[in-house]
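Topology and contacts: notes
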Amino acid sequence: MMEAENSNRTRTIGLRLTPEEYAKIERKWKVSTCRKLSDYVRKHLFDKSIVTIYRNQSLDDFMEETIVLHNELNAIGTNILQAVKKLHTLQQIPEFKNWIISFDLDKKILFNKVEKIQKTHSKNFGQMVTIIKTSHSIRSIFNYNENKVKAGVAECISAGNYPVDVDKMSDALKLNRFIKQIELNENAKRNSVHISLNFDPSENHSKEKLIAIANTYMEKIGFGKQPYLVYQHRDAGHPHLHVVTINIERDGKRIDLHHLGIRKSEPARKEIEELFGLVKAEGRKKKEEFILQPIAVGKIQYGRMETKKAISNVLNAVLNQYKYASIPELNAVLNQYNVMADRGSENSKIFLTNGLVYRILDEQGKPIGVPIKASDFYSKPTLKFLEEKFKHNEVRRIPDKIRLKNAIDIALLKERTMSTNQLAKYLEKEGIHTVFRKSAEGLLYGITYVDHKTKSVFNGSSLGKEYSAKAIQERCGLKITGDEKRNQSHEKLPSKESLFHHLQQQKDSLTIPDLVKVLDMLIQAEYATDYLPNQLKNRRRKKKRKGLSDN
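Given the structure is predicted, the values throughout are model-derived calculations rather than measurements.

Focus on the pattern of salt bridges
For the structure shown, the criterion picks out 14 salt bridges. Here Lys207 ties to Glu155 by a salt bridge, and the two come within 2.9 Å at their closest N and O atoms. Placement of the pair is Lys207 in helix 8 (residues 207–220) and Glu155 in strand 3 (residues 154–160), with a sequence separation of 52 residues. Salt bridges linked by common partners bring Glu155, Lys207 and Arg234 together as one network.

Written as structure tokens, this is what we have:
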């Protein structure tokens, strides 16, 4: 669609500007979401909506503190890497114990820094977020929100500076109030404002409190005397409001929208957080386990939401964010939201014509309802589209392999024997969802890993033979007893030389927490009463018996 649109642009316009004029246009372009200057100019020429962005001072402070902590962690990481290098040269027990004491001190410093990072990160997480968009068409903004109301996912809860209460107004009355005031200034090209106020997912404010927050915000940004409508939306995983208003005043003057976010919205947001006691990250306990919420669309329930729209919401969130290289890998993500990409059976018409449909799944993972062709969606997620994605993702996801392999290796190092389900639970804490593919007889024949932190999906065998279904079962081990259990558990512990070689190969990509866990395994092995490296054992000399000779 985009290629066809670009191919029709065969005409060019030459325009000469002074350095000052060009600099002014460039400044405005850089605070917009337009990727190219030509896109920005084209939207201005044709009066299309332009989304502007602004710096968040609290985020700048967060980044400044993070950079300092990053440098400190690098220093600690260097110390730990040197300690690992030292490990393979140690020969005596006392020297080994001294290294352990030194390592424990470094580990305490490291964990203190990690905790500090968590607190610093918390300061910027959970704050109220405001988004301001300007437009030349109040009608399109109004219709967007009213259509949400008709779909049952939004409600108009308040009207500011209207002659009657919101529940007594028709759609025509709401819209005409804006249009009449806009007509007072026909020269203003951008006369409409669409504001989104987003709150932390843990907050559940009453309707009265949301109205009070919206009224206070509008007053503080200079729109308190303007007509505006407040809509409460329920179509996302967090509570949020949409405010529709105009920037033409009753005397026809235009309210300046330039840098409105920096000048007024950001200070207003901070004041409102204090005034209404909104959730702040300070003092909020961070959950230790990773919560599987990679996208905010929620699981689809057939019959509760229009099928096509529900599937589209999931596809929009998954297709461009995750890195997958096959239909099964894509389905490993989609299935978590009750959606499936289906090519049909090999002899079906849809398969033979390279077609693709999307289905909704029930709680048992079985398809329900009518399938929808990929070509029917606006984004056109057809098989041809996906095959192009597969090629690009094969390259894009290569750097993410190391994190995933490290997580699996460390999990299996930590426990001498564990079931595949225990492995899956451990990986879940690291943000990795494990999909086991089993036969009708319950035999495991395939594993797919979905890393929600790096947004990468890997079939087990694509990581290497040692991460395939068969190898993982063997590495997890079966319940055995006696000498076999002791021998198997020691075989699980890699030799010092092989571990050092492995760490040296991956030193640039191995994370500090992963390295700490590996070092913990080494310490546990050293302190174990039934395990001592051969090179640290004292050899006994054979004593000759008195009175005996070799003759």
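Quick notes on the confidence of the model for the protein
Interpretation of this model should avoid reading the predicted coordinates in detail wherever pLDDT is low. When pLDDT is averaged along the protein, the result is 76; 66% of the residues meet or exceed 70. Scored below 50 in pLDDT, residues 281–298 makes 35 contacts in the model with residues more than four places away or belonging to other chains. Below pLDDT 50 for its whole length, residues 478–493 participates in 14 contacts with residues either more than four positions away or in separate chains.

Quick word on a nonpolar patch on the surface
Where nonpolar side chains cluster on the molecular surface, the patch consists of Ile13, Leu15, Leu17 and Tyr22 and spans about 460 Å² of accessible area. You can see Leu17 is positioned in the loop between helix 1 (2–7) and helix 2 (19–30). Given the relative accessible area of 37%, Leu17 is considered partly exposed.

Quick word on unusual backbone geometry
With a phi angle near 60°, Asn338 is a residue other than glycine that sits in the positive phi range. Looking at where Asn338 falls in the secondary structure, it is placed in the loop between helix 11 (327–334) and strand 7 (339–342). At Lys380, a residue that is not glycine, the phi angle is positive and equals roughly 55°. Its location among the elements puts Lys380 in the loop between strand 9 (367–373) and helix 13 (383–396). For Lys380, a relative accessible area of 42% corresponds to the partly exposed category.

Scoring rules and cut-offs
Residues numbered from 1 in each chain as written. Predicted model: local features only at pLDDT ≥ 70, side-chain atom pairs only at ≥ 80, totals over all residues. Heavy atoms only, no water. Salt bridge = Lys/Arg side-chain N within 4 Å of Asp/Glu carboxyl O. Helix = DSSP H or I, 4+ residues; strand = E, 2+ residues; numbered from the N terminus. pLDDT = per-residue confidence, 0-100. Contact = heavy atoms within 4.5 Å. Patch = residues over 30% accessible without salt bridge, like charges linked within 9 Å, V, L, I, M, F, W, Y side chains within 5 Å. Areas by Shrake-Rupley, 256 points an atom, 1.4 Å probe, with all protein chains shown as cover. Buried < 20%, exposed > 50% of the residue type's maximum accessible area, 1.4 Å probe, protein only.

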